[in-house]
Amino acid sequence: MASTDPYEGALFIPSGGPVWHWRALWRQWRWAGFKSDLANHLETWQPPSERLLLMGPSAGWCLPSAFLTRFKTIDAIDIDPLAPALFRFNHGLALARSGTSLTFHRLNLFNAFDSILDAYPEHAILFSNVLGQHLFHDEDQPRAKATIEAIKLSLSRRYWASFHDRLSGAYPPGKELPLTQSVSHSIESATLASNLGLSGQWLDHLTVNVLPEGTERQLIAWPLLADWLHIVEFGSVKPR
Ligand SMILES: C[S@@+](CC[C@H](N)C(=O)[O-])C[C@H]1O[C@@H](n2cnc3c(N)ncnc32)[C@H](O)[C@@H]1O
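Everything numeric in this text was worked out from a predicted model, so none of it was measured.

Peer 1: Would you take a moment to explain the site of the ligand for this structure?
Peer 2: Contacts to the ligand come from 22 residues, most closely from Trp61, Cys62, Asp78, Leu109 and Ser128. Within the side chain of Asn108, one N or O atom sits 3.0 Å away from a nitrogen atom of the ligand. Between the ligand and Leu109, the relevant distance is 2.9 Å, taken from a nitrogen atom to a main-chain nitrogen or oxygen of the residue. For the ligand, whose accessible area on its own is 610 Å², the fraction buried by protein is 99%.

Peer 1: Quick question: what am I supposed to make of a nonpolar patch on the surface here?
Peer 2: Taken together, the side chains of Trp22, Leu25, Trp26 and Phe89 define a hydrophobic patch exposed on the protein surface, amounting to about 570 Å² of accessible area. Here the nonpolar patch takes three residues from helix H1 (residues 17-27), the largest share from any one element. Here Leu25 is to be found in helix H1.

Peer 1: Looking at this model, I keep getting lost on the pattern of salt bridges. Mind explaining?
Peer 2: Opposite charge on two side chains makes pairing possible when the charged atoms of those side chains draw close. This model, assessed by the stated rule, comprises four salt bridges. Between Glu233 and Arg166 there is a salt bridge, with its nearest N and O atoms 3.7 Å apart. Separated by 67 residues along the polypeptide, Glu233 in strand S9 (residues 228-237) and Arg166 in strand S5 (residues 160-170) bring together distant segments of the chain. Per residue, the accessibility class of Glu233 equals that of Arg166, and both read buried. Glu233 is paired through a salt bridge with Arg217; the nearest N and O atoms lie 3.8 Å apart. Of this pair, Glu233 sits in strand S9 while Arg217 is found in strand S8 (residues 217-225), placing the two residues 16 residues apart along the sequence. Each of the two residues, Glu233 as well as Arg217, counts as buried. Here the salt bridges do not stand alone but share partners, grouping Arg166, Arg217 and Glu233 into one network.

Peer 1: Looking at this structure, I do not really get H1. What am I missing?
Peer 2: Structural remark: α-helix, 3.6 residues per turn; residues separated by three or four positions point the same way. Of the residues making up H1, those classed as buried are Gly17, Trp20, His21, Ala24 and Arg27. The arc that holds the buried residues of H1, viewed along the axis, is 145°, so those residues lie on one side. Among the exposed residues of H1, those pointing more than 90 degrees away from its buried face are Trp22 and Trp26. Summarising the contacts, the buried residues of H1 are in contact with helix H4 (83-98) and S8.

Peer 1: Just checking my understanding: could you explain the side chain of Thr207 for this structure?
Peer 2: Checked against the element boundaries, Thr207 lands in the loop between strand S7 (203-204) and S8. Excluding anything up to four places from it in sequence, Thr207 contacts Leu131, Gly132, Ile148, His164, Asp165, Arg166 and Glu233.

Peer 1: Could you clarify how one ought to interpret the packing of aromatic side chains in this entry?
Peer 2: Each aromatic ring pair is characterised by the separation of its centres together with the angle its planes make. A full pass over the atoms with the stated rule returns 10 aromatic pairs. On the basis of an interplanar angle of 20° and a centroid distance of 5.0 Å, the ring pair of Phe34 and Trp222 is categorised as stacked. In this pair, Phe34 is assigned in helix H2 (residues 32-44) and Trp222 in strand S8, connecting sequence segments 188 residues apart. With a relative accessible area of 2%, Phe34 lands in the buried category. Using a relative accessible area of 1% as the deciding quantity, one classes Trp222 as buried. One aromatic cluster is present, built from ring pairs that chain together Trp20, Trp31, Phe34 and Trp222.

Peer 1: Quick question: what am I supposed to make of unusual backbone geometry here?
Peer 2: With the exception of glycine, the majority of residues adopt a negative phi angle, and the majority of peptide bonds are in the trans configuration. One non-glycine residue, Ser58, adopts positive backbone phi at about 50°. Counting through the fold element by element, Ser58 comes out in the loop between strand S1 (51-55) and helix H3 (65-68). For Ser58, a relative accessible area of 9% corresponds to the buried category. Residues other than glycine seldom take positive phi values, yet Leu206 does so here, at roughly 70°. Here Leu206 lies in the loop between S7 and S8.

Peer 1: It is not clear to me how the environment of Tyr120 should be interpreted in this structure. Could you clarify?
Peer 2: As for its position among the elements, Tyr120 is in the loop between helix H5 (113-119) and strand S4 (124-128). By relative accessible area, which is 15% here, Tyr120 ends up buried. For Tyr120 and Leu68, which are 52 residues apart along the polypeptide, the C-alpha to C-alpha distance reads 17 Å. The contacts of Tyr120, once residues within four sequence positions are left out, are Leu53, Asp75, His105 and Arg158.

What counts as what
Residues numbered from 1 in each chain as written. Predicted model: local features only at pLDDT ≥ 70, side-chain atom pairs only at ≥ 80, totals over all residues. Heavy atoms only, no water. Near = heavy atom within 4 Å. Polar contact = N/O pair within 3.5 Å; in protein donor to acceptor, adjacent residues only side chain to side chain. Areas by Shrake-Rupley, 256 points an atom, 1.4 Å probe, with all protein chains shown as cover. Patch = residues over 30% accessible without salt bridge, like charges linked within 9 Å, V, L, I, M, F, W, Y side chains within 5 Å. Salt bridge = Lys/Arg side-chain N within 4 Å of Asp/Glu carboxyl O. Helix = DSSP H or I, 4+ residues; strand = E, 2+ residues; numbered from the N terminus. Buried < 20%, exposed > 50% of the residue type's maximum accessible area, 1.4 Å probe, protein only. Arc of directions from axis to C-beta. Contact = heavy atoms within 4.5 Å. Phe/Tyr/Trp six-rings, centres within 6.5 Å; stacked < 30°, edge-to-face > 60°.

In structure tokens form, the structure reads like this:
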């Protein structure tokens, strides 16, 4: 499904690793608004399964424990060797209290995609801010875009959801953030930036067509850094 990932087995990963973890720890309270919006959207996603497959969850810095503890079993797929221990640091106590079992698998989700789906046929699936990172793992951008757009074809019989970056770019510190909004169709990146009043250069994370056409999309502002904003899209999909 994808080319060889140059970051397979590496400690420093452009979409994760020590720099990401340190930043996430440091910025937790600044991300409270984003995390609260995301938690509300995750609350609306009620797949009929007690099992969850988490794709690229890192340490779950943005994921609410209250969402994770709804499940009896969680299998997590991430290439970051630091993710399992830090995920347990963030959520281990809550998961122990709810009796939720957690197993991490150090796998490249794109290279093992179909075998992962086959191994967990009953699990609902959450792509946890990973699909919009794929452009950092495959320098061939048309191929990276095609890879993340193709996943919905393999998922046609599954309950799944994803939150992923749509745009990122410099944003004046202290300026009011664009408001969370809901849209019923995919919006091309340039139009999206213009609709949100974003000026200047914005990185397109190639995720415009990750969700199937007709999926309701929630757009959330995430102030990754004091002067750097991401626009994140959340959507959930039922079997067709
Ligand atoms: C931005 S982080 C996710 C953050 C997470 N939502 C949180 O709340 O902390 C992206 C994660 O995806 C993982 N990742 C990126 N590409 C991957 C791949 N092909 N297979 C598995 N994991 C991948 C990275 O290792 C990283 O942990």
